[in-house]
Every structure is written in structure tokens, then in C-alpha cells.
Amino acid sequence: MLRDFEAEGTDAHRLCTIGGGWVERFGRDILISFKNAPARERLIQGLDFWGAAVEFKFGRIFTRFVPKKNEERETPQLFLGNEEENLQTLVMERHLKFGIDFGAGYSVGLFVDQRENRSYVRKIAPKRLLNCFAYTCSFSVAAASVGAKTVNVDLSKKSLARGRENFSLNSLLTSDHQFIADDAITVLPRLARKGEKFDAIILDPPTFSRTKGGEAFHVESDLEELIVAALELIDGNGWILMSTNCETLNEQALERMARYGLKLSRRAGVFHRQPTPLDFPPGAAARTIWLTLR
């Protein structure tokens, strides 16, 4: 699998998953995510054995504790490597470049479990893509690489700035792309009132967050409203990706929400799922489903 990743131009992927955590590779650097001390020790030992077996030379190894509450998340800690080395680095995914920052917060800049969905965006080659909860705009970079114009919405200005950097890393001009630092749940109706239309929309919200006004956003109760609003922004054929890491929602729940939206909007569509990335065991990646509108 490691050889296959290198052959396709990918050096960011999952290495190992156990009940208490997982290990991911970002170029020459490694990130160990653990839920408890025994899992941390097991993953460190397994990583050492694996590195020796495949003759992989590590750059640095970072560790991060996975808490039950998002507000308790902390920045990864350096476990092994040069403390003076820049915490920012670059990785590739199927020859697209993305910036990684081990010092910017709990998440380092790229969710590797969305690799197949990003590839699907490149396959369908939308003309206009709306990326909600865009984070560092990886879906938009994938779309722009095949000619799309994009609108990127995220509450964090810092994340959107990193997204602009990802465009630059791939020699993509940002003049044809918008970056809106605002709540997706208020931006979508505003875009509809302006008559904006898209042929692909990404809905990948966090499980829980707070809006600019301090109101709580819960994916279990609020995603349905987002889907309904997104359907108003697509005329004719188009695609909507619905994705979540919420443990209480599965693909069937996402499909039920989308079918409710289709009924309200009197639209028709079909559903499909991209294959789970080969480096993830069943159930370990984000739950995702694509709606193709007819």
C-alpha cells in the first residue's frame, strides 16, 4: 500500500487504526492520535516495528490526545525530532499540494479520510463549487485543479487564509474564487437571494460548533436545514456531498435527511458512496454520501 501511495503521488494517509487511536503519515512526519495511555504506547511500539520493516525514515513524530469533548482538544506535541524545525510542512495527495501545520491547533490542515471524495470532485469536474465549512479549502483546490470556480465559507479567517495558501501551492490563482468568513447556515440563504447557482456543494460540518453570534450548531439537528438550503442553490443536475464525523449519524441517517429535503424541494436524485479509503478499516472514516440531482 505504501508503494501504491507513492506511485500515485500521495504521502498523506492513515498508517494504523486500533480501538484506542490511530496513526497518520504527513510526508516524513507522523501524527499519533490516542484516547488513552495504553493505546499511545501500543501505537508507538507498532510504529517502530513498521518503520523498521519497510525501512521508512521518520522525520518527526507528534502525538495528540483525543478527548471526548471538542473544547478540550489541544495542539499536537512533539514526541521525537528536532524542536527547532519549522512546524509547517507540505504534503501531496494525488499530486496536489497541501500545507500542514502541527502548531496551528488540534487539526493539522488535511483530513486524509476525505481523499476519495476529493478525487470524485476532480472526476465530476464541476464548473462552480460551494464549499461550506471549508476549513483549509482542500475540496476547492481539488475542484479548481480541474477548472472550477469556487466559493469557500468558513467562520475562521485563519483557516481561509491557509486555504488561499493551498491554492498558491498548486499555482492556482485566487481571483476566480471567493473566501467568505461567516456562518454557512446564514450564507446559504443569502446566496439564494442573490440568485447564485452551483453544480456541486460540499456540506462537511463539525459535530458541534458555535455561530458568529454564539448560538450552538449541532449537526444532528441542523444539518437537515443546511441540506434544504443547499438544494435551492442547484438548478438541474448537480451534486451535494454530505459528510460527518458524528458518531450518532450514519450514511442511512444522512440519506433520510437528504430525502426529506428532496421532498420539500420537489426534486429527484440518486445516492452513492465513494469507496472507503483502503487505509481505513470499515467505520473509521467520516460517514459520507453523495446526492446526485437529476
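As shown above, the structure is provided for reference.
All values derive from a computational prediction rather than experimental measurement.

Analysis parameters
Residues numbered from 1 in each chain as written. Predicted model: local features only at pLDDT ≥ 70, side-chain atom pairs only at ≥ 80, totals over all residues. Heavy atoms only, no water. Helix = DSSP H or I, 4+ residues; strand = E, 2+ residues; numbered from the N terminus. Buried < 20%, exposed > 50% of the residue type's maximum accessible area, 1.4 Å probe, protein only. Phe/Tyr/Trp six-rings, centres within 6.5 Å; stacked < 30°, edge-to-face > 60°. Lys NZ or Arg CZ within 6 Å of the ring centre and 35° of its normal. Pairing = 2+ DSSP bridges. Axes fitted to C-alpha atoms, helices over the stretch in contact; angles between N-to-C directions. Contact = heavy atoms within 4.5 Å. Core = buried A, V, L, I, M, F, W, Y, C linked by side-chain atoms within 4.5 Å.

Asks: Please explain unusual backbone geometry as it appears in this structure.
Replies: Most peptide bonds take the trans configuration, and most residues that are not glycine carry a negative phi. With a phi close to 50 degrees, Ala125 is a non-glycine residue in the positive phi region. By secondary structure assignment, the location of Ala125 is in the loop between α3 (115-124) and β8 (128-132). By relative accessible area, Ala125 is classed as partly exposed at 36%. Although it is not a glycine, Cys137 adopts a positive phi angle of roughly 70 degrees. Mapped onto the elements, Cys137 comes out in the loop between β8 and α4 (138-144).

Asks: Explain the packing of aromatic side chains to me, please; I cannot follow it from the model alone.
Replies: Remark: the centre distance and the inter-plane angle together describe each pair of aromatic rings, the angle taken between the planes. Throughout the structure, instances matching the rule amount to nine aromatic pairs. Members of the aromatic cluster, joined through ring pairs, are Phe26, Phe62 and Phe102. Looking at Arg28, its charged tip hangs above the ring of Phe56, at a distance of 4.4 Å from the centre. One cation-aromatic arrangement involves Arg64 over Tyr106; the distance from NZ or CZ to the ring centre is 4.1 Å.

Asks: In this structure, what is going on with the sheet that holds strand β11 (residues 200-203)? I would like to understand it.
Replies: Backbone-to-backbone hydrogen bonds pair the strands of a sheet. The strands run either parallel or antiparallel. Pairing is mixed in the open sheet, where seven strands are placed in the order β10-β9-β8-β11-β14-β16-β15. Two strands bound the open sheet, and with one partner strand each, they are β10 (177-180) and β15 (269-272). Looking at each pair of strands side by side, their axes are set apart by 15 degrees on average, direction ignored. The sheet contact formed by β8 and β11 spans four bridges and is parallel. By the bridge assignment for β11, Leu130 is matched with Ile201. Here helix α6 (residues 184-193) sits on the sheet and contacts β8, β9 (149-153) and β10; the angle it forms with β8, its principal contact strand, is near 150 degrees. Strands in contact with helix α8 (residues 251-265) are β14 (238-244), β15 and β16 (287-293); relative to β16, the strand with the most contacts, it is inclined by about 30 degrees.

Asks: Just to check I follow, could you spell out the environment of Phe198 for this structure?
Replies: Of note, Phe198 is situated in the loop between α6 and β11. Look at Phe198 and you get buried, because its relative accessible area is 3%. Measuring from C-alpha to C-alpha, the distance between Phe198 and Leu233 comes to 6.0 Å, with 35 residues separating the pair along the chain.

Asks: Help me understand the nonpolar core in this model?
Replies: It is characteristic of soluble globular proteins that their nonpolar side chains tend to be buried jointly. Of all hydrophobic cores here, the largest spans 36 residues; its most connected members are Leu130, Leu188, Ile201, Leu203, Ile240, Met242 and Leu291. Looking at this core, the elements with two or more residues in it are β8, β9, α6, β11, α7 (219-231), β14, α8 and β16. Among the elements that take part in this core, α7 stands out by supplying seven residues, more than any other. Once residues lying within four places of it in the same chain are set aside, the contact partners of Leu130 are Val151, Val153, Leu188, Leu191, Phe198, Ala200, Ile201, Ile202 and Leu233. Membership of the second largest hydrophobic core comes to 23 residues, among which are Phe62, Val112, Phe179 and Phe280.

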